[in-house]
Amino acid sequence: MKKHKFLWGGATAANQVEGAYQEGGRGLSNIDLLPYGEYRLAVAQGKMHYSEVPEGAYYPSYEAIDFYNNYKEDIRMLADLGMRAYRFSISWSRIYPTGLENKPNEEGLRFYESVIGELLKYNIEPIVTISHFDVPKGLMDAFESWKSRKMIAMYEKYAMTLFERFKGKVKYWITFNEINMILHKPFTGAAITVSEGEDREEVIYNAAHYEMVASALATKRLREIDPDAKIGAMLAAGDYYPYSSNPEDVREAQKANQETFFFLDVQSRGEYPRWALNRFKKRGIHVDITVEDQNILKENTVDYISFSYYASRTSKADTTDVDTNTGNAAGGVVNPYLERSEWGWMIDPLGLRIVMNSIWDRYQKPLFLVENGLGARDILEEDERVHDEYRIAYLKEHIDTLLLTMKEDGVPLLGFTMWSAIDLVSSSGGEMGKRYGLIYVDKDNNGKGTLRRIKKDSYEWFKAFLASSDI
Ligand code: BG6
């Protein structure tokens, strides 16, 4: 039988699927403080403190889709589908409930050991994100999260615990999900609130620096503990196109691309780009970069670059007469050449070829597409079917594009874990109604539903596709 190498699979994140927020000794995390509804965006952007959310708010992470108590059934469904990889994240506060403990929570470790055991039983490769929008509340209380250098040691301790426990079982690690999300939603990305009087840019770049040093230290530790494993950066990717050939628009797009690639420049090349250092100086921003940090960053660059791709972005210098409502945290303006999802996100399969080439041209490290999919309002029919032909079309176009990019442009891709293996809580809106899954979960935006799992048409389509894939 042919041994397949390409890691076709699906992805989720602890905070969006697990629920059981107080079971197994788990502590609270930043995500448990993000309510559904009108205050979510302000809290996510770090503009409103979570403690100001009026009482009675609904917090979707508390139960999510209760993967914690259903993982065996869920993983079996992924195995039946023929998935070869499953990307998931570990909830930091299940392992270190406040983040501050010296010893890990054994029950938390046992849970993930069991999840990984289930996956390996079905020959599904676990791809593990160490922190997917996830910081224990104890670390927010003690240090204001990534505003403090002390977080580096906390993260290193946590990562080492995982490496030691799952050595030989997990071959692919990712340090931080969408590390550049900190620019757009610092509370979601890094549990940071920017207080009045603080320089937003200074706070964000300092926190990003500490995360990148922590990521490099984790890389160092993994190489000591499990030299056969690989560790990657993860970027919310999508090129910024110039709105027109007006050089002002081209320059605007270039700046936005540089700000995005900034993170990979540091994590993959091991150095700060010059434009950034000059910008910090010009703006009088102090970023706490020590010589020791610089050495750590230089000596411990990532093995591969993972990324999410949902849409390209478009930049325009003068936005007065165009639509800026892109529906996406990455900003920009609406691209008139593209169709859009129900949430206004651009749909641009060719943009995947463009971004894969952009990343490969810059870094020449293997790529891993760890998120791509379509959020849509699915309808559960009376016969318990979900006819999501729009999702099938979206996935097919993106898969055709990635295959072409590998074949014609020679861009190496380790795998593709689509978003999301199963319906889950949306990160931006906190709603269940924005569904990405191949498996439908019966639950609505207000938390009502039986939680039963139902295969969508896209599940059957992906299953047939995987059975016929020759890579
Ligand atoms: C990425 C995240 O930003 O996009 C996921 O890594 C998220 O956590 C996904 O769910 C889709 O975004 P949303 O806001 O539609 O859930």
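Structure shown above.
Conventions used here
- Sequence positions are assigned chain by chain, starting from 1 and proceeding in written order.
- Given that this is a predicted model, residues contribute local features only at a pLDDT of at least 70 and side-chain atom pairs are listed and counted only at 80 or more, while totals for whole chains, interfaces and linings are drawn from all residues.
- The side-chain figures draw on all heavy atoms in the structure; neither hydrogens nor water molecules are used.
- Take the buried Ala, Val, Leu, Ile, Met, Phe, Trp, Tyr and Cys residues and link them wherever side-chain atoms come within 4.5 Å; each set so joined is a nonpolar core.
- Exposure classes here rest on a 1.4 Å probe applied to the protein chains alone. A residue is buried below 20% of its type maximum, exposed above 50%, and partly exposed in between.
- Only heavy atoms are used to decide nearness, and a residue is near a molecule or strand if one of them lies within 4 Å of it.
- Here a polar contact is recorded for every N or O atom pair within 3.5 Å, except that within protein the pair must consist of a potential hydrogen donor and a potential acceptor, and residues adjacent in sequence are included only if both atoms are side-chain atoms.
- In short, Shrake-Rupley with a 1.4 Å probe defines the accessible areas, and a residue's cover is counted only from the protein chains shown.
- Only Asp, Glu, Lys and Arg are considered charged, only Ala, Val, Leu, Ile, Met, Phe, Trp, Tyr, Cys and Pro nonpolar, and every remaining residue, Gly among them, polar.
- Salt bridge, as applied in this entry: a Lys or Arg side-chain nitrogen positioned within 4 Å of an Asp or Glu carboxyl oxygen.
- A run of H or I in DSSP counts as a helix once it spans at least four residues, and a run of E counts as a strand once it spans at least two, with each numbered from the N terminus.
- When DSSP finds two or more bridges between a pair of strands, those strands are recorded as paired.
- Orienting the strands away from the viewer, one traces the path from the first strand over the helix to the second; a clockwise path indicates a right-handed crossover.
- Every angle, taken between N-to-C directions, lies between 0 and 180 degrees, and every axis is a line fitted to C-alpha atoms, over only the stretch in contact when it is a helix.
- The scheme is simple: roughly parallel for angles under 35 degrees, roughly antiparallel for over 145, roughly perpendicular for 65 to 115, oblique for anything else.
- Crossing chirality is assigned from the near helix's rotation relative to the far helix, an anticlockwise turn below a right angle marking it left-handed and a clockwise turn marking it right-handed.
- By the convention used here, residues are in contact when the closest approach between their heavy atoms is within 4.5 Å.
- One fewer than the residue count of a helix, multiplied by 1.5 Å, yields its expected span.
- One axis fitted to the seven residues ending at a residue, another fitted to the seven starting there: the angle between these axes is the bend at that residue.
- Two rings belonging to Phe, Tyr or Trp (six-membered ring only in the last case) form a pair when the distance between their centres is within 6.5 Å. Interplanar angles under 30 degrees mark stacking, angles over 60 mark edge-to-face geometry, and anything in between is tilted.
- In our convention, an over-ring charge means Lys NZ or Arg CZ found within 6 Å of a ring centre and within 35 degrees of that ring's normal.

(A) Here's a closer look at the nonpolar core. Residues Trp146, Trp173, Phe307 and Ile359 are the most contacted members of the largest nonpolar core, which totals 135 residues. In this structure, Met234, Tyr304, Phe368 and Val370 belong to the second largest nonpolar core, which totals nine residues.

(B) Seen up close, the site of the ligand. Within the structure, the ligand sits among 14 residues, and Gln16, Glu178, Ser428, Lys434 and Tyr436 are positioned closest to it. Asn177 has a polar side-chain atom sitting 2.9 Å from an oxygen atom of the ligand. Take Ser426: an N or O atom from its side chain is 3.3 Å from an oxygen atom of the ligand. When the free accessible area of the ligand is taken as 370 Å², the share hidden by the protein chains comes to 96%. Class assignment for the residues of the shell around the ligand results in five nonpolar, six polar and three charged.

(C) Just the pattern of salt bridges, in detail. Under the criterion given, the structure shown has 41 salt bridges. The salt bridge involving Arg165 is made with Glu113; its shortest N-O contact spans 2.9 Å. Note that Arg165 is positioned in helix 7 (residues 150–166) and Glu113 in helix 5 (residues 106–121), a separation of 52 residues in sequence. A salt bridge links Arg283 to Asp199; the shortest N-O distance between them is 2.9 Å.

(D) Structural view of the pairing of strand 12 (residues 413–419). Counted residue by residue, strand 12 has six buried out of seven residues, so it is predominantly covered. Pairing of strand 1 (residues 7–11) with strand 12, which is carried by five bridges, proceeds in the parallel orientation. Residue pairing across strands places Ala11 opposite Trp419, the latter belonging to strand 12. Sheet analysis places strand 11 (residues 367–371) next to strand 12, joined by two bridges and oriented parallel. Note on strand 12: the bridge partner recorded for Leu367 is Leu413. Following the backbone out of strand 11, through helix 15 (residues 389–409) and into the adjacent parallel strand 12, one traces a crossover that is right-handed.

(E) Seen up close, the packing of helix 11 (residues 247–269) against helix 14 (residues 349–363). With their axes 11 Å apart at the nearest point, helix 11 and helix 14 run at an angle of 40 degrees to one another. Our classification of the angle between helix 11 and helix 14 gives oblique. The crossing of helix 11 and helix 14 is right-handed. On the side of helix 11, the interface is formed by Phe261, Leu264, Asp265, Ser268 and Arg269, while helix 14 contributes Ser358, Ile359, Arg362 and Tyr363.

(F) View of helix 10 (residues 200–225). If you check helix 10, its first and last C-alpha atoms are 37 Å apart, about what 26 residues at 1.5 Å a residue would give, namely 38 Å. Burial within helix 10 is extensive, with 20 of its 26 residues counted as buried.

(G) Local environment of the sheet that holds strand 5 (residues 230–237). Judged by pairing direction, the barrel is parallel, and its eight strands sit side by side in the order 1-2-3-4-5-7-11-12 before closing back on the first. Direction aside, the axes of adjacent strands within the sheet are offset by 30 degrees on average. Looking at chain direction, strand 7 (residues 304–309) and strand 11 are connected through four bridges and run parallel. Residue Ser306 lies in a different strand from strand 11, and its bridge partner there is Phe368. Here helix 5 sits on the sheet and contacts strand 2 (85–89) and strand 3 (125–131); the angle it forms with strand 2, its principal contact strand, is near 170 degrees. Where helix 14 meets the sheet, its contacts fall on strand 5, strand 7, strand 11 and strand 12, and the angle it forms with strand 7 comes to roughly 155 degrees.

(H) Seen up close, unusual backbone geometry. In this structure, the amide linkage connecting Trp419 to the following residue, Ser420, adopts the cis form with an omega of 5 degrees. With respect to the helices, strands and loops of the structure, Ser420 is situated in the loop between strand 12 and strand 13 (439–441). Non-glycine residue Ala64 carries a positive phi angle of around 45 degrees. Mapped onto the elements, Ala64 comes out in the loop between helix 2 (40–44) and helix 3 (67–81). Residue Leu451 is not a glycine yet carries a positive backbone phi of 70 degrees. Structurally, the position occupied by Leu451 is in the loop between strand 13 and strand 14 (453–455). Residue class for Leu451 comes out buried when judged on its relative accessible area of 14%.

(I) Examining helix 3 more closely. Here helix 3 is 15 residues long, yet its end C-alpha atoms lie only 18 Å apart, well below the 21 Å a rise of 1.5 Å per residue gives. By the largest-angle criterion, Glu73 marks the main kink of helix 3, which is about 35 degrees. The complete set of buried residues in helix 3 reads Phe67, Tyr68, Asn70, Tyr71, Asp74, Ile75, Met77, Leu78, Ala79 and Leu81. Of the residues one or two after helix 3, Gly82 is the one with positive phi, at around 100 degrees.

(J) Highlighting the packing of aromatic side chains. Scanning all chains against the criterion turns up 35 aromatic pairs. Each ring, one from Tyr68 and one from Phe111, has its centre 4.5 Å from the other, and the planes form 35 degrees; the classification is tilted. Note that Tyr68 is positioned in helix 3 and Phe111 in helix 5, a separation of 43 residues in sequence. As far as burial versus exposure is concerned, Tyr68 and Phe111 are alike and both buried. A centroid spacing of 5.0 Å and a plane angle of 75 degrees characterise the contact between Phe163 and Trp173, whose relative ring orientation is edge-to-face. In this pair, Phe163 is assigned in helix 7 and Trp173 in strand 4 (residues 172–176), connecting sequence segments 10 residues apart. Judged on exposure class, the residue Phe163 and its partner Trp173 are both buried. Aromatic rings pair up to connect Phe67, Tyr68, Tyr71, Tyr86, Phe88, Phe111 and Tyr112 into one cluster. When the ring centre of Tyr440 is taken as reference, the NZ or CZ atom of Arg435 above it lies at 4.1 Å.

Nothing here speaks to function; it is all geometry.
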